[in-house]
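This is what each chain is made of:
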Amino acid sequence: MCRLPRRADCALALTLVVAGFTSIPTPLAAQRLGPEQDRPKLEAGADTNDAAAYLAHGARELEYAPDEAAAAFYWAARLDPSSADALYGRRIALLMRKPSTLKSYMSGNRKARASKEFKMIDSLQLRALRLNPLFYRRFDRTMIMAYYRNLLRMDAGSMSPGEVDQYIMQELDRRPASTRAWLAYSNGRMDQALILYSDAINRSKKSPLLRMDRARVYATQGQVAPAIDDFKAALGLLQAQDDEEDEDVIFYDSKALVEHSIGLLWQLKGNPDSARAAYGRATIEDLSYFPAHVALGILSLAQGDSATAAVELALAAGLATDDPYVHHLHGSVLVAMLQFAEAMEPLRKAIDLEPYFAAPHFSLAQALERSDDLAGARAEYERFVALASRRDAMRPTAMQRVAGLAGK
């Protein structure tokens, strides 16, 4: 019987043809998501304009059909570029597609992880964290189990699936506390994960990653204060390690990302001043870290300061040149400020980057209508209706405007 290794510490041209509209070439999605994928067939009656439908399909197919899941998560991310879950799910599915890829990742093969393929896969995780550094990594357990099942198939072909899973769990029970904590977290056993992470931290007091992992468990549980404490401790450990940075690290949690996490938690705690300070420190730590400007913009909007929000989102859009969600946010705030002419450029940029993203079409239609380009407005409302999910709150308004602008 084999012994299980320890856990390592760890598109192309596309066109839009909707209701007879002109095809729009968009190779830009490949830069964000990897090669183009055909749309998977959803269940009867499912809304093919709804990112949530593809997310649900991907979750169902991930364990036994990771290729299908990868395609589903790809389309969820195209329909909703703000979805951290879609990017994360696609990363897990891409890792699981080939046993050799998953083995290289889980065993910490540095040469493989420096490859173009792995850098693209890790970029999905980075994008997901930048959208939401506190998102729940619910598919990690599926990946862990797939890895061990692949290993056992080499030596245990006569074992039943139930026997394989039982053996894996017995072996995992003998793994270090950090591995068992990771598994408990991804399996939704948060109380057990906290106990195991505490054990792991006591054994490895200088590990910032363990502190960040436990902080995310606390955040998932709604325990804001201890989550902030752990992120602050991780930040101190990262700062202490600056002079010892490992040049072979392919993907890591940056100090800017930690400050972003702290800022979000302060917002949840109802302390906008501390949140703003944390976001500000993130921008100082990494001048290219656009998510902090997005967070500052959203925080300013919540406080009724649309002028500051527009400035912050303009800074974010200047840094996030390939992110349609950021350009849409910038443009939609300008529309809300009645700066219609200024709003058109970022909204058109969002559409160029992702033609299947419905929201910027609605905002652009509003800007065009208020600028007296009624034919252009009607065309954008029509595009929005063609692309929006059935449950989109703006869909009835858009349909009314299509009818109201008929013949104008």
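Residues numbered from 1 in each chain as written. Predicted model: local features only at pLDDT ≥ 70, side-chain atom pairs only at ≥ 80, totals over all residues. Heavy atoms only, no water.

## Observations regarding the overall build of the protein chain
Next up, step 1: Scanning the protein chain from N- to C-terminus turns up 22 helices and zero strands.
Next up, step 2: By residue count, 51% of the 408 residues in the protein chain fall in the buried class.
Next up, step 3: Summing over all exposed atoms, the protein chain offers an accessible surface of approximately 18600 Å²; the carbon and sulfur share of this is 51%. (Helix = DSSP H or I, 4+ residues; strand = E, 2+ residues; numbered from the N terminus. Buried < 20%, exposed > 50% of the residue type's maximum accessible area, 1.4 Å probe, protein only. Areas by Shrake-Rupley, 256 points an atom, 1.4 Å probe, with all protein chains shown as cover.)

## So, the confidence of the model for the protein chain
Next up, step 1: Of all residues in the protein chain, 89% have pLDDT values of 70 or greater, and the mean over the chain is 88.
Next up, step 2: Predicted confidence is poor over residues 1-26, with pLDDT under 50, and the contacts of this stretch with residues over four places away or in other chains come to 85 contacts.
Next up, step 3: Contacts from residues 247-251, a stretch scored under 50 in pLDDT, to residues over four places away or in other chains number 10 contacts. (pLDDT = per-residue confidence, 0-100. Contact = heavy atoms within 4.5 Å.)

## Let's talk about the packing of helix α11 (residues 190-203) against helix α12 (residues 208-220)
Next up, step 1: With their axes 10 Å apart at the nearest point, α11 and α12 run at an angle of 160 degrees to one another. The angle between α11 and α12 falls in the class roughly antiparallel. Seen from above, α11 lies across α12 with left-handed handedness. On α12, the residues touching Met190, Ala193, Leu194, Tyr197, Ser198, Ala200 and Ile201 of α11 are Leu210, Arg211, Asp213, Arg214, Val217, Tyr218 and Thr220.
Next up, step 2: Along the lines of polarity and charge, the residues of the contact of α11 with α12 split into nine nonpolar, two polar and three charged. (Axes fitted to C-alpha atoms, helices over the stretch in contact; angles between N-to-C directions. Parallel < 35°, antiparallel > 145°, perpendicular 65-115°, else oblique. Left-handed = near helix turned anticlockwise from the far one by under 90°. Nonpolar A, V, L, I, M, F, W, Y, C, P; charged D, E, K, R; others polar.)

## Notes on the packing of helix α10 (residues 177-186) against α11
Next up, step 1: At a minimum axis distance of 8 Å, the contact between α10 and α11 shows a crossing angle of 160 degrees. The angle between α10 and α11 falls in the class roughly antiparallel. Crossing handedness for the pair α10 and α11: left-handed. For the pair α10 and α11, the contacting residues are Ala177, Ser178, Arg180, Ala181, Trp182, Ala184 and Tyr185 in the first and Met190, Gln192, Ala193, Leu196, Tyr197, Asp199 and Ala200 in the second.
Next up, step 2: Counted by class, the contact of α10 with α11 contains 10 nonpolar, two polar and two charged residues.

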